[in-house]
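# Descriptive analysis of the structure
The chain contents come next:
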Amino acid sequence: MSLSDARPSGTPPFWEPGTQVMWRYGDPSLPHWATPMTVVRDDEDALVAWLAAGTPTLKVGRADGLGRHEDRDRMFTAERVQLTGTWDDYDVLRVAPTGRPWSVWAFFPAGEATFEGWYVNLEDPHVRDADTTYSKDHVLDVWVEPDRTHSRKDEDELVLAVEQGRYSPAEAARITAVADEVEAVIRAWGPPFCDGWETFRPDPSWPVPQLP
Ligand code: MG
């Protein structure tokens, strides 16, 4: 598990459907976010993977024990600790288009086929090693309703991220430009939105993955 020998995603060898992989956000040598997931499809175009409700996760907490929305003046500067948790309430299909600085997450209430919408997570293009795909979250997100209406999430946190030195104003402007790009894809209803993933159902024989 190391970023140093990771390679860009989108070239073989690809993971077979049903393979368990780790999907990590952040430097794996530091407190970071990670979920074990089951590969649905992996090819030149994208990595598609399933996150089942009930899956154990790695998550990031504050060393002072405060919650994410407390003490917002130190949201991006407070000391972090590694925590574990469980991904609850929703099953999620994630699509990471090759080389793009965003991934698209289709939300379904746990165990149900009712599609509730798309969450577009702005992030680094993925790289991978033998069993992990790596990215880094970019704070700003876009939510897309099933009727294709969309809205940005956490624009206020991107402002805080600049104020607290996580991003320069130029970096924040590039992230905002990516949100513009995502919204253009949504308006054109390009991939992966047009690919039919909102009717996807997982193989019922897949176990709920465990942390490695
Ligand atoms: Mg995000």
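Scroll up a little and you will see the structure.
Below is a short write-up of the structure. (Residues numbered from 1 in each chain as written. Predicted model: local features only at pLDDT ≥ 70, side-chain atom pairs only at ≥ 80, totals over all residues. Heavy atoms only, no water.)

## Some thoughts on the packing of aromatic side chains
Under the criterion given, the structure shown has 13 aromatic pairs. Consider the rings of F115 and W118, whose centres lie 5.0 Å apart with planes at 65 degrees: the pair is edge-to-face. A residue is classified by how much of its surface remains accessible, and F115, at 16% relative accessible area, is buried. When its relative accessible area of 1% is taken as the criterion, W118 is described as buried. Through pairs of rings, three or more aromatic residues link up here, namely W50, F108, F115, W118, W189, F193, W197 and F200. A cation over an aromatic ring shows up here: R94 above the ring of W23, its NZ or CZ 5.1 Å from the ring centre. Its end group placed over the ring of W15, R128 keeps NZ or CZ at 4.0 Å from the ring centre. (Phe/Tyr/Trp six-rings, centres within 6.5 Å; stacked < 30°, edge-to-face > 60°. Buried < 20%, exposed > 50% of the residue type's maximum accessible area, 1.4 Å probe, protein only. Lys NZ or Arg CZ within 6 Å of the ring centre and 35° of its normal.)

## Thoughts on the environment of L30
Along the chain, L30 falls in the loop between β2 (20-25) and β3 (33-42). For the pair L30 and V81, spaced 51 residues apart in the sequence, the C-alpha separation amounts to 8.3 Å. (Helix = DSSP H or I, 4+ residues; strand = E, 2+ residues; numbered from the N terminus.)

## Brief notes about the layout of surface pockets
Taken as a whole, the largest pocket encloses approximately 1,400 Å³ of empty space. In this structure, the largest pocket is lined by 44 residues; those nearest its centre are W33, V60, R68, R80 and D137. Contributions of two or more residues to the lining of the largest pocket are made by β2, β3, β5 (55-62), β6 (80-87), β7 (90-97), β8 (102-109), β9 (117-123) and β12 (137-144). Ranked by the residues each element gives to the lining of the largest pocket, the list is headed by β5, at six residues. Residue composition of the lining of the largest pocket, by class: 19 nonpolar, twelve polar and 13 charged. (1 Å grid on protein atoms, 1.4 Å probe; cavity = no way out; pocket = protein on both sides within 12 Å on 5 of 7 lines; lining within 4 Å. Points joined across faces, edges and corners; volume = space filled by probe spheres on them. Nonpolar A, V, L, I, M, F, W, Y, C, P; charged D, E, K, R; others polar.)

## Examining the nonpolar core
Residues L93, W118, V120, L122 and F193 are the most contacted members of the largest nonpolar core, which totals 36 residues. Counting residues per element, the ones that place at least two in this core are β4 (46-51), β7, β8, β9, β12, α1 (155-163) and α2 (169-188). Looking at which element gives the most residues to this core, the answer is α2, with seven residues. Setting aside its immediate chain neighbours within four residues, V120 contacts W102, S103, V104, D141, V142, V144, V182 and F193. (Core = buried A, V, L, I, M, F, W, Y, C linked by side-chain atoms within 4.5 Å. Contact = heavy atoms within 4.5 Å.)

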